[in-house]
Amino acid sequence: PTLAAPTLPDESQQLAQPAAAAARRPRASRTAAVLADAWPAVVAALLKSTALNAAFPFFTYAPSSGQLGDALPQALFYGRIFADIAGRFLPRFLPRRLGSPRPAGLLLAAAALASGAALFIAYVASAPPRLVSDAASVAAVAALWLLGGYCNTAANVMAPGLVRRPALAPRASALMAL
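Residues numbered from 1 in each chain as written. Predicted model: local features only at pLDDT ≥ 70, side-chain atom pairs only at ≥ 80, totals over all residues. Heavy atoms only, no water.

Caption draft 1: Region of the structure containing the packing of aromatic side chains. Considering all chains together, one arrives at 5 aromatic pairs under this definition. Centroid distance F56 to F59: 5.1 Å. Interplanar angle 75 degrees. Geometry classified as edge-to-face. Residue classification places F56 among the partly exposed residues on the basis of a relative accessible area of 32%. With a centroid separation of 5.3 Å and 75 degrees between ring planes, the pair formed by F77 and Y78 is classed as edge-to-face. (Phe/Tyr/Trp six-rings, centres within 6.5 Å; stacked < 30°, edge-to-face > 60°. Buried < 20%, exposed > 50% of the residue type's maximum accessible area, 1.4 Å probe, protein only.)

Caption draft 2: Quick look at the environment of L90. With respect to the helices and strands, L90 occurs in helix α2 (residues 72-93). On the basis of relative accessibility, which here comes to 26%, the residue L90 falls in the partly exposed class. Residues L90 and A154, 64 residues apart in the sequence, show an inter-C-alpha distance of 9.3 Å. Not counting the four nearest positions on each side in its chain, L90 is found in contact with L146 and Y150. (Helix = DSSP H or I, 4+ residues; strand = E, 2+ residues; numbered from the N terminus. Contact = heavy atoms within 4.5 Å.)

Caption draft 3: View of the packing of helix α5 (residues 134-162) against helix α6 (residues 169-177). With their axes 7 Å apart at the nearest point, α5 and α6 run at an angle of 155 degrees to one another. Here α5 lies roughly antiparallel to α6, going by the angle between them. Relative to α6, α5 is oriented so that their crossing is right-handed. For the pair α5 and α6, the contacting residues are A155, N156, A159 and P160 in the first and A169, A172, S173 and M176 in the second. The residue makeup of the contact of α5 with α6, split by class, is 6 nonpolar, 2 polar and no charged. (Axes fitted to C-alpha atoms, helices over the stretch in contact; angles between N-to-C directions. Parallel < 35°, antiparallel > 145°, perpendicular 65-115°, else oblique. Left-handed = near helix turned anticlockwise from the far one by under 90°. Nonpolar A, V, L, I, M, F, W, Y, C, P; charged D, E, K, R; others polar.)

Caption draft 4: View of the environment of L46. Inspection of the secondary structure assignment puts L46 in helix α1 (residues 11-55). Overall, the relative accessible area of 53% leaves L46 in the exposed class.

Caption draft 5: Broad picture of the side chain of N152. The topology assignment puts N152 in helix α5. The contacts of N152, once residues within four sequence positions are left out, are K48 and R88.

Caption draft 6: Summary view of α2. Here α2 is 22 residues long and its end C-alpha atoms lie 30 Å apart, about the 32 Å a rise of 1.5 Å per residue gives. Along α2, the largest kink reaches about 30 degrees and is centred on G87; proline P91 follows within four residues of it. Among the residues of α2, those classed as buried are L72, L76, G79, R80, A83, D84, G87 and P91. (Expected span 1.5 Å × (residues − 1). Bend = angle between axes of the 7 residues up to and from the residue.)

Caption draft 7: Region of the structure containing the pattern of salt bridges. One pass over the structure, following the stated rule, counts 2 salt bridges. Measuring nitrogen to oxygen at the nearest pair gives 3.2 Å for the salt bridge that ties D37 to R164. Of this pair, D37 sits in helix α1 while R164 sits in the loop between α5 and α6; the two residues are 127 residues apart in sequence, bridging distant segments of the chain. The class of R164 is exposed, set by a relative accessible area of 69%. With a shortest N-O distance of 3.1 Å, R88 and D84 are connected by a salt bridge. Of this pair, R88 and D84 both sit in helix α2, 4 residues apart, roughly one helical turn. Residue class for R88 comes out partly exposed when judged on its relative accessible area of 36%. (Salt bridge = Lys/Arg side-chain N within 4 Å of Asp/Glu carboxyl O.)

Caption draft 8: Up close: a nonpolar patch on the surface. On the surface, Y78, F82, I85, F89 and F93 cluster together into a nonpolar patch covering about 620 Å² of accessible area. When you line up the elements, F89 lands in helix α2. (Patch = residues over 30% accessible without salt bridge, like charges linked within 9 Å, V, L, I, M, F, W, Y side chains within 5 Å. Areas by Shrake-Rupley, 256 points an atom, 1.4 Å probe, with all protein chains shown as cover.)

Written out as structure tokens, the structure is:
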């Protein structure tokens with residue numbers, strides 16, 4: 001039995017493989033550089049999204065005091081929509097200092113939002129009857145989503161400015177859009 005000599009890939013394959021690997025490396029390293037610089041904005045956006053997406057399904061289980069009755073989940077839903085839209089415009093109307101927070105301020109706002117979402121879930125799960133209020137539920141949801149819209153816009157605006165290399169600012173914007 002004869003052993004076949006190993007075949008070498010043709011020249012075009014040899015040139016294409018390292019070029020493809022090299023093309024992938026810079027993109028990954030650019031993304032890593034953006035994440036290393038803009039992590040406060042990314043973490044704030046993820047925390048906000050996770051907390052609010054965890055609280056949203058509990059709207060249908062919110063206890064009603066009878067003021068809105070069966071319409072309470074709908075009121076919570078529409079309150080959420082309008083508050084989120086208002087929150088996204090909020091940085092534009094706030095004084096410059098509040099409209100463009102520092103990274104620590106944005107993280108603090110996202111942490112407050114996550115705490116509020118956890119409190120809302122706890123309220124839905126085991127609210128004592130004397131604390132049940134439809135108006136308070138709608139106000140709490142509106143406050144959470146108002147802060148959520150604000151955090152979203154602030155994080156999206158902040159991320160490109162956090163990147164140390166200006167050439168990576170568009171990549172920061174693209175990553176935040178995901």
